[in-house]
Amino acid sequence: MRARGFTLVELLLAILLLGLLMAGAWSGITTATKAAHSGEALIDRTNRVRVAQEFIRRQIRNALALPYVVDKSTGETRTFEGDADVMRFVAPMPGYLSRGGAYLQTLELRPARGGGRELVFAHELLNGYDPDQRRQAERDPVVLIEAIRDGRFEYRGIDETGKLGDWTEEWDEAGTQPVLVRLRLRMDEGSGYVWPDIVVPVLANSANAGFFDPFYGSLRPG
């Protein structure tokens with residue numbers, strides 16, 4: 001009996017089906033790869049925000065009531081100052097970043113090179129600090145988070161009745177510190193960042209005056 005082979009049409013159909021199967025498999029692999037990369041990017045962004053917020057909370061919370069500027073003519077001291085864009089205070093650094101002693105620390109919202117704004121942290125040893133003769137910083141400023149559309153620092157202190165005052169975008173009271181600091185950021189829509197507002201108590205202030213009672217909205221004796 002004569003053997004029957006495949007016709008040209010059957011071979012073409014087989015090749016077409018094989019091509020469709022390979023295209024489907026490649027599409028699935030590509031989709032899975034993109035999903036994995038997207039998931040990794042989301043995790044990276046989430047971790048970046050979490051680490052930045054934890055660091056900011058720690059540094060502000062541990063602000064010390066130590067003066068870094070003293071007016072020689074009046075004796076007026078400065079332990080904390082801030083406006084909507086820049087905040088400066090004295091606090092210890094984490095052990096792995098510290099050489100010992102207190103550091104003058106600055107958090108600043110500044111324009112970024114590619115547009116928008118970025119949150120930058122800088123620090124230098126308080127020992128030997130002279131505002132009239134700036135020395136080279138121990139380390140270059142570090143960008144904590146970028147892709148910021150707009151943002152601001154806000155401060156809240158105690159009024160003359162012992163109650164919490166209103167939020168303000170400037171703290172310029174010599175020798176004193178706010179009770180609470182708030183950082184509000186709006187991120188660029190395409191950045192993928194989600195930044196919840198953070199409110200941080202300044203413990204040195206609370207320790208000096210008592211403790212902050214959120215129920216009463218005031219400082220109560222310690």
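Residues numbered from 1 in each chain as written. Predicted model: local features only at pLDDT ≥ 70, side-chain atom pairs only at ≥ 80, totals over all residues. Heavy atoms only, no water.

1. Quick word on the sheet that holds strand β6 (residues 117-125)
How we decide: Strands qualify as paired when DSSP identifies two bridges or more between them. Elements are defined by DSSP. Helices are runs of H or I of four residues or more, strands are runs of E of two residues or more, and each kind is numbered from the N terminus. Simply put, an axis is a line fit to the C-alpha atoms, just over the touching stretch for a helix, and the angle between two N-to-C directions goes from 0 to 180 degrees.
Strand order in the open sheet formed by seven strands is β3-β4-β5-β6-β7-β8-β9, and the pairing between neighbours is antiparallel. Two strands close off the open sheet at either side, each with one partner strand: β3 (80-82) and β9 (198-201). The sheet shows a mean angle of 30 degrees between the axes of neighbouring strands, direction not considered. Examined bridge by bridge, strand β7 (residues 142-156) and strand β8 (residues 180-187) share eight bridges and lie antiparallel to one another. Residue pairing in the sheet places Tyr 155 in a bridge with Val 181 of β8.

2. As for the pairing of strand β5 (residues 103-111)
Looking along a regular strand, one sees the side chains alternate between the two faces of the sheet. Across six bridges, strand β4 (residues 86-91) lies against β5 in antiparallel orientation. Considered in β5, the bridge of Met 87 is made with Leu 107. Pairing analysis gives nine bridges linking β5 to β6, with the strands arranged antiparallel. Bridge pairing in β6 links Gln 105 to His 123.

3. With respect to the confidence of the model for the protein chain
One rule of thumb: low pLDDT means the predicted coordinates there are not for detailed reading. Inclusion rule: Known as pLDDT, the predictor's per-residue confidence is scaled from 0 to 100. Pairs of residues are marked as contacts when any of their non-hydrogen atoms sit within 4.5 Å.
When the pLDDT values of the protein chain are averaged, the result is 82; 81% of them are 70 or greater. The model gives residues 206-222 a pLDDT under 50, and that stretch makes 32 contacts with residues more than four places away or in other chains.

4. Quick notes on the pairing of β7
Across four bridges, the pairing between β6 and β7 is antiparallel. In the strand pairing of β7, Leu 119 is matched with Ile 145.

5. Comments concerning the packing of aromatic side chains
The test is simple: Here a pair means two rings of Phe, Tyr or Trp (six-membered ring of Trp) with centres within 6.5 Å. Their orientation is stacked below 30 degrees between planes, edge-to-face above 60, and tilted elsewhere. We call a residue buried when its accessible area falls under 20% of the maximum for its residue type, exposed when it is over 50%, and partly exposed in between, using a 1.4 Å probe and counting protein chains only.
The full count for this structure, using the stated rule, is three aromatic pairs. Look at Phe 80 and Phe 89: their rings are 6.1 Å apart centre to centre, the planes differ by 20 degrees, and that puts the pair in the stacked class. Take Phe 80 and Phe 89: they sit in the same class, and that class is buried. Aromatic pair Phe 80 and Tyr 155: ring centres 6.0 Å apart, planes at 80 degrees, arrangement edge-to-face. Here Phe 80 is found in strand β3, whereas its partner Tyr 155 is found in strand β7, with 75 residues between them in sequence. In terms of burial, Phe 80 and Tyr 155 fall into one category: buried.

6. A word on the pattern of salt bridges
Two side chains bearing opposite charge may form a pair once their charged atoms approach each other closely. The test is simple: Salt bridges are defined by distance alone: a side-chain nitrogen of Lys or Arg within 4 Å of a carboxyl oxygen of Asp or Glu.
All chains considered together, the criterion is met by 12 salt bridges. Residue Arg 117 is joined to Asp 85 by a salt bridge in which the shortest nitrogen-to-oxygen separation is 2.7 Å. Remark: Asp 85 occurs in the loop between β3 and β4 and Arg 117 occurs in strand β6; sequence separation between them is 32 residues. Take Arg 117: its relative accessible area is 18%, and that puts it in the buried class. Look at Asp 85 and you get partly exposed, because its relative accessible area is 30%. Note that Arg 149 is salt-bridged to Glu 189, the shortest N-O span being 3.3 Å. With Arg 149 in strand β7 and Glu 189 in the loop between β8 and β9, this residue pair connects regions lying 40 residues apart in the sequence. For Arg 149, a relative accessible area of 37% gives the class partly exposed.

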